[in-house]
Amino acid sequence: MEQNKKVIFSGIQPSGNLTIGNYLGALKNWVKLQDEYDCYFCVVDLHAITVKQEPKNLRQRTLEVLAIYLASGIEPSKNTLFIQSHVHTHAEAAWLLNCFTYTGELSRMTQFKDKSRKYAETSVSAGLLNYPVLMAADILIYNADLVPVGQDQKQHLELTRDLAQRFNNLYSPTFKLPEPYIPETAAKVMDLQEPTKKMSKSSDNPNSYILIMDPPEVIRKKISRAVTDSLGIVKYNDEQPGVKNLISIISAITGLSVKEIEEKYEGKGYAEFKEDVAEIIINELEPIQKKVKELLDDKTYLQSVYKEGAQKALYVSNKMVRKMKKKIGFIPFEK
Ligand code: AMP
Ligand code: TRP
């Protein structure tokens, strides 16, 4: 039965605390996919070390991201949930694919250019340059059909397809060419202080994002400080990016249409609107936060989830990596 289902792979880096952008743009949609697809949802810790990580924080965040996956409704019985560094085929396939990737392709990646600018003063690791190749490996070793990602990852997915095609042409058909998958309902959540920018967990200003684990009073404060405009009307348009963003957030959480939301706030000011936005977010996050805390208190359970996930992931991905090695010309360890 599972064989007929299309395969989905996606992952989130444990490189910061997850925001409602991660929740509304990724997790909430993953939950809807789990019945229809054979899903691999990974905590991509190998990706996180492309920039400096404190070991203690990395450990804590990795488990927290896994707990957030579970608390958001991603069920371990329906999906393969695992931690990337537990499955050695990712790093192995990344090396192989690195040798088919041109340095020019990597240095042209927009995210690399942005990030390397940001980290220029300290230093830019080779890992940061090579990171899209690891991402390609993540996807290709499961022969994923679809990859739910945000707009910013589309370029990396193009590279993944180029690499798959290159390998297929050089040897013989090996990989499927994965497609980006952006569910219609997936929201793009913008920065609360600079609403023309994507909300990001790596922003320096905590007022620009809402974390999944932010307590209610913090959420109220951050939403009340969210940048709006001087027009004073709750309308969804590009001239009012701050208001537009808050409307999108309500819509993504409640399922109400933009029109319904505009009508509800007709003639009302931003103060009342913002109070409602805050309460809607709090209501959505509270049960998740409670569940995350319970899960983090039950390390044995978390361990059982990631162990089982890693075993399955290793079994599936190892077949592909063996195939790659054989085609490249390595001597098989065993027949
Ligand atoms: P990142 O936090 O960049 O590792 O992203 C992990 C996942 O969350 C990706 O699928 C992103 O597209 C999604 N995501 C992150 N931030 C946002 C945002 N502000 N709006 C929508 N989706 C987001
Ligand atoms: N690069 C992605 C991000 O920063 C995370 C990621 C790593 C990923 N490997 C992946 C996403 C494979 C989808 C598929 O958001």
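Parameters at a glance
Residues numbered from 1 in each chain as written. Chains lettered and ligands numbered in written order. Predicted model: local features only at pLDDT ≥ 70, side-chain atom pairs only at ≥ 80, totals over all residues. Heavy atoms only, no water. UniProt positions renumbered as here; feature names shortened; annotations may be inferred. Helix = DSSP H or I, 4+ residues; strand = E, 2+ residues; numbered from the N terminus. Rg over C-alpha atoms; globule rule 2.2 N^0.38 Å. Contact = heavy atoms within 4.5 Å. Lys, Arg positive; Asp, Glu negative; His and termini not counted. Charge placed at Lys NZ, Arg CZ, Asp CG, Glu CD. Polar contact = N/O pair within 3.5 Å; in protein donor to acceptor, adjacent residues only side chain to side chain. Salt bridge = Lys/Arg side-chain N within 4 Å of Asp/Glu carboxyl O. Buried < 20%, exposed > 50% of the residue type's maximum accessible area, 1.4 Å probe, protein only. Near = heavy atom within 4 Å. Core = buried A, V, L, I, M, F, W, Y, C linked by side-chain atoms within 4.5 Å. Domains from an automatic or database assignment.

Under the annotation held in an unreviewed UniProt entry, the protein chain carries the name Tryptophan--tRNA ligase and is attributed to Clostridium acetireducens DSM 10703. Taken directly from UniProt, the Subunit (unreviewed entry) text for the protein chain runs: "Homodimer." The annotation that UniProt attaches to the protein chain under Function (unreviewed entry) is "Catalyzes the attachment of tryptophan to tRNA(Trp)."

A few words now on the overall build of the protein chain. Along its length, the protein chain carries 13 helices and five strands. In summary, the protein chain has a C-alpha radius of gyration of 21 Å against a globular reference of 20 Å for 335 residues, a match within 12%. Dimensions along the principal axes, computed over C-alpha positions, put the protein chain at roughly 75 × 45 × 40 Å. A sequence separation of at least 24 residues applies to 76% of the contacts in the protein chain between residues at least 6 apart. Separation of charge centres in the protein chain, based on 45 positive and 42 negative side chains, amounts to 6 Å.

For the rest of this paragraph, the subject is the side chain of Asn29. Relative to the elements of secondary structure, Asn29 occurs in helix H1 (residues 20–33). Looking at Asn29, its side chain comes within polar contact range of the main-chain oxygen of Leu24, at 3.1 Å.

This paragraph deals with the pattern of salt bridges. All chains considered together, the criterion is met by 19 salt bridges. The closest approach of N and O atoms between Lys259 and Glu263, which form a salt bridge, is 3.2 Å. Here the residue Lys259 and the residue Glu263 both occupy positions in helix H11 (residues 258–264), the gap between them amounting to four residues, near one helical turn. The exposure class assigned to Lys259 is exposed, which follows from its relative accessible area of 55%. With a shortest N-O distance of 3.9 Å, Lys268 and Glu272 are connected by a salt bridge. A relative accessible area of 33% means that Lys268 is categorised as partly exposed. The exposure class assigned to Glu272 is partly exposed, which follows from its relative accessible area of 36%.

Turning next to the UniProt feature "binding site: L-tryptophan" (unreviewed entry) in the protein chain. UniProt records the feature "binding site: L-tryptophan" (unreviewed entry) for Asp138 in the present numbering. The topology assignment puts Asp138 in helix H7 (residues 126–140). Note on Asp138: relative accessible area 3%, which makes it buried. Sequence-distant contacts of Asp138, that is, excluding residues within four places in its chain, are made with Phe9, Val44, His47, Gln84 and His90. At 2.9 Å, the side chain of Asp138 forms a polar contact with the side chain of Gln84.

All right, on to the site of ligand 1 then. Around ligand 1, the surrounding shell holds 14 residues, and the nearest of these are Asn22, Gly150, Val189, Met199 and Lys201. Between ligand 1 and Gly150, the relevant distance is 2.9 Å, taken from an oxygen atom to a main-chain nitrogen or oxygen of the residue. In this structure, a nitrogen atom belonging to ligand 1 sits 2.7 Å away from a main-chain N or O atom of Val189. Top contributing element to the shell around ligand 1 by residue count: H1, with four residues.

Let's shift gears to the nonpolar core. One finds Leu27, Trp30, Tyr69, Ile223, Phe273 and Ile281 to be the most contacted residues of the largest nonpolar core, which totals 62 residues. Per-element accounting of this core gives the leading share, twelve residues, to helix H12 (residues 270–296). Counting the residues that make up this core, at least three belong to each of domain 1 (2–182 + 299–328) and domain 2 (206–293). For Trp30, the residues in contact, after removing those within four places along its chain, are Ser10, Gly11, Ile12, Phe41, Tyr69, Ile74 and Pro148. Formed by 40 residues, the second largest nonpolar core is a distinct cluster that contains Leu96, Ala136, Ala137 and Phe175.

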